Amino acid sequence: MSRPARILIVEDNPLNMELASDLLACAGFEVLQASTAERGIQLARALVPDLILMDTSLPGMDGLRATQMLKSDMVTCDIPIVSLTAHAMKGDEETARAAGVVAYVTKPIDTRTFVHTISAYLRPPQAKAA
Ligand code: MN
């Protein structure tokens, strides 16, 4: 049996972190947590999650800059990154996609669709080989 998919959540708001973690853990995912971009990058490099949920607005380095760094690193460049953001404006979306974000989840988190939405962007199992 394969291990559960591992999802790293980078989010500085404790309530959003708790909600996202609970929803994903209940759905059977292994959840990793980081409240700063710096810590998130560290965990991503060490544990290579199957997907990263990245808050845009973080203390210190922001989520977009962190995304750019993860995408330019051999170890983490193939990990899908889903942006978790309160500001889904047209220009922001283009900037985020250019940085390497595959999708947006807008806050507040919709508990009815969240897990389904995230699941759609998980790296397919065959891509994990080698
Ligand atoms: Mn934030």
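Residues numbered from 1 in each chain as written. Predicted model: local features only at pLDDT ≥ 70, side-chain atom pairs only at ≥ 80, totals over all residues. Heavy atoms only, no water.

(A) Representation of the coordination of the manganese ion within the structure. Distances from the manganese ion to its protein donors, Asp12 (OD), Asp55 (OD) and Ser57 (O), fall within 2.0 to 2.1 Å. Taken in sequence order, the residues that donate to the manganese ion follow the motif D-x42-D-x1-S. With relative accessibility at 3%, the residue Asp55 sits in the buried group. Ser57 gets classed as partly exposed once you look at its relative accessible area, which sits at 46%. (Donors = N, O, S within 2.8 Å, 3.2 Å for Na, K, Ca; no water. Buried < 20%, exposed > 50% of the residue type's maximum accessible area, 1.4 Å probe, protein only.)

(B) Representation of the pairing of strand β1 (residues 6–10). Of all five residues that make up β1, five are buried, and the element is covered over most of its length. Neither face of β1 is open: one carries Arg6, Leu8 and Val10, the other Ile7 and Ile9, and all of them are buried. Considered for its hand, the β-α-β crossover made up of β1, helix α1 (residues 14–26) and strand β2 (residues 30–34) is right-handed. Where β1 meets strand β3 (residues 51–55), four bridges bridge the pair, whose relative direction is parallel. Pairing of Leu8 across the sheet is with Ile52, part of β3. (Helix = DSSP H or I, 4+ residues; strand = E, 2+ residues; numbered from the N terminus. Right-handed = clockwise from strand over helix to strand, strands pointing away. Pairing = 2+ DSSP bridges.)

(C) Representation of the confidence of the model for the protein chain within the structure. Looking at the protein chain, the pLDDT average stands at 90 and 91% of residues meet or exceed 70. The low-confidence segment residues 126–130 (pLDDT under 50) makes three contacts with residues lying over four places distant or belonging to another chain. (pLDDT = per-residue confidence, 0-100. Contact = heavy atoms within 4.5 Å.)

(D) Fine view of the pattern of salt bridges. Under the counting rule described, the total for this entry stands at six salt bridges. Note that Glu30 and Arg6 form a salt bridge whose closest N and O atoms lie 3.2 Å from each other. Of this pair, Glu30 sits in strand β2 while Arg6 sits in strand β1; the two residues are 24 residues apart in sequence, bridging distant segments of the chain. According to the relative accessible area criterion, Glu30 is partly exposed, its value standing at 28%. Taking the relative accessible area as the measure of exposure, Arg6 reaches 17% and is therefore buried. Close ionic contact of Arg45 with Asp73 constitutes a salt bridge, the shortest N to O distance being 2.1 Å. Of this pair, Arg45 sits in helix α2 (residues 37–47) while Asp73 sits in the loop between α3 (63–71) and β4 (81–85), placing them 28 residues apart in sequence. Judged by relative accessible area, Arg45 falls into the partly exposed class, the value being 42%. Residue Asp73 is classed as buried on the basis of its relative accessible area, which comes to 17%. (Salt bridge = Lys/Arg side-chain N within 4 Å of Asp/Glu carboxyl O.)

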